[in-house]
Amino acid sequence: MSKKFVEQYHKILNHEFPEFLKKYLHLPILTRLKGIGLLCGTDWTDFFSNNFYYSRFDHSIGVALIIWHFTHDKAQTISGLLHDVSTPAFSHVTDFRKGDSLTQTVTEGENKSMLANSPELIDCLSEDGLALNQVDDYHKYPIADNEVPQLSADRLEYMFPSGAALAGTWSLDKSFSLSEIKSIYNDIVICKNENNTEELGFKSVEIAELYTHRTTDIGLFLQKNEDKMVMQFLATTLNLAIKLNILSETDFFTFTEKEIIQKLDKVVQKNKTINLANKFYEFVDTSTHYKKSEDSFEKFILFYRTYRKFRKITRSPEPLKGHFCVNLEVKKRYINPLVVTGNKIDGLFEAKRITDISEKIRQEINYFLSYDENCFGCVKLN
């Protein structure tokens, strides 16, 4: 389903693929992203059963197509295509590995330098008459990126495949369908926000309500212990692998996720006779401190086996013995989009936030913002 969905979905974003963009798709800094999933480690545990695999490469193309559709500006479009080149394997799991679950921006750190050190990119830009500084920071283009809870091409793009692909404990009847994506996308125009800058928004209140309901539901799912468990559990396990010299930091930029998982699977398979029956570990907090154990090869085996095969979590007011437990704050991902309320002024539609128009959506977003999993999510080490 993955290839078919991606092809049909990208055609919705822009029916014709821009010819000038095709040469960039072969850049090594970009093709590397084909092996990195958008869904941050959830593709590699039995706890989730995602509907299909969607890569950071797919996401990057999607962002570029959205920007081109609304702006027809080459520099902005290319900046969107390149905005994730520094993403390591398992995406935002690395932010969790580095203790940044709240802003999830650690992975952006090397983007500019990676672009500057790509001679292939410089050649492509020269062909289009562009300079590196026109494409190396998509944050300066408000249609490409802006602050939460505004709607940008990046935020618009990742919400669609996240909603369509994420499974696990999330009810599938809440997922985006291609027909729904098309009806939502075709309702979007460029508006003027309260800061007098460009922002994507909706022509109709009904479509804005539907979209906001869907994306707030996704955001709520990402606040729950199910998703936080997968990301922190994998983050802690990968940090153990690094401490034990099973992996290195450069591996996350050299190998695909599948290759790293295959390597770790082989390590565990070679040591399948290790007896862990008498090993006991108790998770204390999210800075990866543990009682009654030192970082050890046996601990890595135990954690990795459990991460790959666990099927349920237990909620508890305190950490449970013999379990890996998580209780942490993570980034709140949500959108409070604009809705057209008047005519164009200087080429941009007058608009207001959906929360200023729809009481139902205002309550939904307030509930999301106040939501707190004030308990531990725990997985039995097994």
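Residues numbered from 1 in each chain as written. Predicted model: local features only at pLDDT ≥ 70, side-chain atom pairs only at ≥ 80, totals over all residues. Heavy atoms only, no water.

## Structural notes on the overall build of the protein chain
Of regular secondary structure, the protein chain possesses 15 helices and nine strands. What you see for the protein chain is a C-alpha radius of gyration of 22 Å, in line with the 21 Å of a compact globule of 382 residues. Dimensions along the principal axes, computed over C-alpha positions, put the protein chain at roughly 70 × 50 × 35 Å. Within the protein chain, buried positions represent 57% of all 382 residues. Sequence separation of at least 24 residues holds for 74% of the intrachain contacts in the protein chain that already meet a minimum separation of 6. Surface summary for the protein chain: the accessible area is close to 16,700 Å², and the carbon and sulfur share equals 49%. Considering the protein chain, the positive charge centre built from 47 side chains and the negative charge centre built from 52 side chains are found 7 Å apart. (Helix = DSSP H or I, 4+ residues; strand = E, 2+ residues; numbered from the N terminus. Rg over C-alpha atoms; globule rule 2.2 N^0.38 Å. Buried < 20%, exposed > 50% of the residue type's maximum accessible area, 1.4 Å probe, protein only. Contact = heavy atoms within 4.5 Å. Areas by Shrake-Rupley, 256 points an atom, 1.4 Å probe, with all protein chains shown as cover. Lys, Arg positive; Asp, Glu negative; His and termini not counted. Charge placed at Lys NZ, Arg CZ, Asp CG, Glu CD.)

## Topic: the pattern of salt bridges
Tallying each qualifying case throughout the model produces 15 salt bridges. In this structure, Arg214 and Glu180 form a salt bridge, with 2.8 Å as the shortest nitrogen-oxygen distance. One end of the pair, Arg214, is in helix 10 (residues 205–223); the other, Glu180, is in helix 9 (residues 178–185), with 34 residues separating them in the sequence. Per residue, the accessibility class of Arg214 equals that of Glu180, and both read buried. A salt bridge links Asp265 to Arg308; its shortest N-O distance comes to 3.0 Å. Pair noted here: Asp265 is in helix 13 (residues 257–270) and Arg308 is in helix 14 (residues 297–309), with a separation of 43 residues, a long-range link. A relative accessible area of 26% means that Asp265 is categorised as partly exposed. (Salt bridge = Lys/Arg side-chain N within 4 Å of Asp/Glu carboxyl O.)

## A word on helix 11 (residues 225–243)
Taking 1.5 Å as the rise per residue, helix 11 with 19 residues should run 27 Å; its terminal C-alpha atoms sit 26 Å apart, in good agreement. With respect to burial, helix 11 is a largely interior element, 18 of its 19 residues being buried. (Expected span 1.5 Å × (residues − 1).)

## A closer look at the nonpolar core
Counting residues in hydrophobic clusters, the biggest one holds 115 residues, and the most contacted among them are Phe90, Tyr211 and Phe300. If you tally residues by element for this core, the top one is helix 11, at ten residues. If near-sequence neighbours (up to four positions away) are discounted, Phe90 is found in contact with Ile36, Cys40, Gly41, Trp44, Leu234, Leu238, Phe252, Glu257, Ile260 and Ile261. (Core = buried A, V, L, I, M, F, W, Y, C linked by side-chain atoms within 4.5 Å.)

## Remarks on the environment of Asn327
Relative to the helices and strands, Asn327 resides in the loop between strand 6 (323–326) and strand 7 (338–345). Placed 307 residues apart in sequence, Asn327 and Phe20 show a C-alpha to C-alpha distance of 47 Å.

## Observations concerning helix 4 (residues 74–81)
Of all eight residues making up helix 4, seven are buried, and the element is well covered by its neighbours. Check the buried side of helix 4 and you find it contacts helix 2 (28–31), helix 3 (56–71) and helix 7 (119–127). The N-cap residue of helix 4 is Asp73: its side-chain oxygen and the backbone nitrogen of Ala75 are 3.1 Å apart. (Polar contact = N/O pair within 3.5 Å; in protein donor to acceptor, adjacent residues only side chain to side chain.)

## Here's the deal with the environment of Leu121
Following the sequence through the fold, Leu121 ends up in helix 7. Spatially, the C-alpha atom of Leu121 lies 9.4 Å from that of Lys23, the residues being 98 residues apart in sequence. Setting aside anything within four residues of it in sequence, one finds Leu121 in contact with Tyr24, Leu27, Ile29, Leu82, Leu115 and Leu132.

## Regarding the packing of helix 8 (residues 153–165) against helix 10
Where helix 8 meets helix 10, the closest approach of the two axes is 10 Å, and the angle between their N-to-C directions is 70 degrees. Between helix 8 and helix 10, the angle is such that the two are roughly perpendicular. Note on element contacts: helix 10 touches helix 8 through Tyr211, Thr215 and Ile218, opposite Arg155, Leu156, Met159, Phe160, Ser162 and Gly163. A class-by-class count of the residues in the contact of helix 8 with helix 10 yields five nonpolar, three polar and one charged. (Axes fitted to C-alpha atoms, helices over the stretch in contact; angles between N-to-C directions. Parallel < 35°, antiparallel > 145°, perpendicular 65-115°, else oblique. Nonpolar A, V, L, I, M, F, W, Y, C, P; charged D, E, K, R; others polar.)

## Considerations on the packing of aromatic side chains
Following the criterion strictly, the structure yields 22 aromatic pairs and no others. Consider the rings of Phe5 and Phe52, whose centres lie 4.5 Å apart with planes at 35 degrees: the pair is tilted. A residue pair is termed long-range when its members are at least 10 positions apart, and Phe5 in helix 1 (residues 2–13) and Phe52 in the loop between helix 2 and helix 3 qualify at 47 residues. Given the relative accessible area of 4%, Phe5 is considered buried. Accessibility expressed as a relative area gives 5% for Phe52, which makes it buried. What links up through ring pairs into an aromatic cluster is the set Phe5, Tyr9, Phe52, Tyr54, Phe160, Phe176, Phe202 and Tyr211. Taking the ring centre of Phe57 as reference, the NZ or CZ of Lys34 above it sits at 4.9 Å. Lying across the ring of Phe368, Lys332 places its NZ or CZ 5.3 Å from the centre. (Phe/Tyr/Trp six-rings, centres within 6.5 Å; stacked < 30°, edge-to-face > 60°. Lys NZ or Arg CZ within 6 Å of the ring centre and 35° of its normal.)

## Section: the layout of surface pockets
In this model, the largest pocket occupies a volume close to 690 Å³. As for the largest pocket, its lining consists of 39 residues, and the residues nearest its centre are His92, Gln104, Tyr158, Lys331 and Arg333. Contributions of two or more residues to the lining of the largest pocket are made by helix 3, helix 8, helix 10 and helix 11. Among the elements that take part in the lining of the largest pocket, helix 8 stands out by supplying five residues, more than any other. (1 Å grid on protein atoms, 1.4 Å probe; cavity = no way out; pocket = protein on both sides within 12 Å on 5 of 7 lines; lining within 4 Å. Points joined across faces, edges and corners; volume = space filled by probe spheres on them.)

## Description of the pairing of strand 7
Summarising the sheet, strand 2 (residues 198–202) and strand 7 pair through two bridges and their orientation is parallel. Within the sheet, the bridge partner assigned to Gly201 lies in strand 7 and is Leu338. Bridge count between strand 7 and strand 8 (residues 348–353): five bridges; the pairing is antiparallel. Across the sheet, the residue bridging to Val339 is Lys352, located in strand 8. Two successive antiparallel strands, strand 7 and strand 8, enclose a turn made up of two residues, where Asp346 displays a positive phi of approximately 55 degrees. (Pairing = 2+ DSSP bridges.)

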